[in-house]
Amino acid sequence: MRPLSTPLVAAALILAPSPSARALRPGGPGPWSAGLDAPATSAPAQGVAALRLPPEGRVRIPGGTFTMGADPAELQRAMERCKRELLGASRCEAQWTLARLNAEGPPHAVTLSSFDLDRTEVTAGAYARCVSAGSCAPPDLTAEAARATRPDFPVTRVRWEDAGAYCRWAGGRLPTEAEWEYAAAGVEGREFPWGKFYNPHLANHGALAEDATDATDGFTGVAPVGSFPDGATPLGLLDMAGNVSEWVADALEFDPATDLPLPYGGGPEVNPPPRTGGPFHVVRGGSFLDDPMWLRSSARDTCTMQRGRDIPAPRASWVGFRCAADVP
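Residues numbered from 1 in each chain as written. Predicted model: local features only at pLDDT ≥ 70, side-chain atom pairs only at ≥ 80, totals over all residues. Heavy atoms only, no water.

Undergrad: Can you break down the confidence of the model for the protein residue by residue, with the values?
TA: Mean pLDDT over the protein stands at 85; residues scoring 70 or higher make up 79%. With pLDDT under 50 throughout, residues 1-29 is counted as low confidence; its partners more than four residues away or in other chains account for five contacts. Confidence drops under pLDDT 50 across residues 41-50; counting only partners more than four residues distant or on other chains, this segment forms two contacts. (pLDDT = per-residue confidence, 0-100. Contact = heavy atoms within 4.5 Å.)

Rendered as structure tokens:
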């Protein structure tokens, strides 16, 4: 039997807590949580504005002032880029192309309040839930392959009115054209949502060729939303260029004398309301069928049968949408 004075026993005696030390140890969660208020998700503001995070799936776009529209230098770069496409020499200077470019100007200052915007285009799966709830009309998929109904694909072949109905059902609205461009370009005026220079690997784009689809980006047609994370805006918005064009709240105004789209008024604006005046509502961002010229943040288009002003198309396989919402 070892004596009590051995080093092993001595160390055990030193390390063993005394009765008084045990009494000072904190107890379980009961004692310190007793009497506290129940957890809450918000707190009343006391002399300051209370900050609320955007709903899941949306991004808060801080208010600010930016220059809306393209200046002559950007339009010249766009034309040079267009002429490098396969059919550029014959189509870049067509009347409709030049009219669309002219409708992007003149650059003018726009000031916007903060708003929320969907991080991605609305998916077919999300839209189907609205249809099931009886609040949305089903897409017209009679001319589409079954793959168009994949739940992670952007919903397409929905009317502008259907897009608005979904956004209201989801607690929002369609973004105005100014809001959409501000979210894509930012106060720094990014020519493309990701920055100043075009990169064919950052968006699901098309080509100016006999076959407008272009598989060099990894997808022949539409892609699941968010397939190009490196092409996100600095705030994390995805697919603001390419994949599908997106309905906005505004109508594209036309000159009745020339039957061509009109440019902006040119003066500074503060929270401009959606433009009205016809069935040709604006789509933004370009699609998997569009060459790089139309993936710029300032590019404007309409949803038509012939991808020109000839015949309005209520639905198209290359047009979807995302929703905005006012900040509480």
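Undergrad: Give a description of unusual backbone geometry that names residues and reports values.
TA: The omega torsion of the bond from G105 to P106 falls at -10°, within 30 degrees of zero and hence cis. In this fold, P106 is placed in the loop between α6 (95-102) and β3 (108-112). In this structure, D239 is a non-glycine residue whose phi angle is positive, near 60°. By secondary structure assignment, the location of D239 is in the loop between α9 (177-185) and β5 (245-251). Positioned with a positive phi, N243 is a non-glycine residue whose angle comes to about 70°. Its location among the elements puts N243 in the loop between α9 and β5. (Helix = DSSP H or I, 4+ residues; strand = E, 2+ residues; numbered from the N terminus.)

Undergrad: Any chance you could break down the state of the cysteines for me, citing the residues and the numbers?
TA: One pass over the structure, following the stated rule, counts three disulfides. Covalently, C82 is tied to C92 through a disulfide, its sulfur atoms 1.9 Å apart. Where C82 bonds to C92 through sulfur, the torsion about that S-S bond is close to -100°, and the disulfide is left-handed. Taken together, the positions of C82 in helix α4 (residues 72-83) and C92 in the loop between α5 (88-91) and α6 put the pair ten residues apart, joining distant regions of the chain. Grouping residues by exposure puts C82 and C92 together as buried. Disulfide pairing is shown between C130 and C136; the S-S distance is 1.9 Å. In this structure the cystine formed by C130 and C136 twists about its S-S bond by roughly 75°; its chirality is therefore right-handed. The same class applies to C130 as to C136, namely buried. Assigning the bonded cysteines of the protein consecutive numbers by sequence position, one obtains the connectivity 1-2, 3-4, 5-6. (Disulfide = S-S within 2.5 Å. Buried < 20%, exposed > 50% of the residue type's maximum accessible area, 1.4 Å probe, protein only.)

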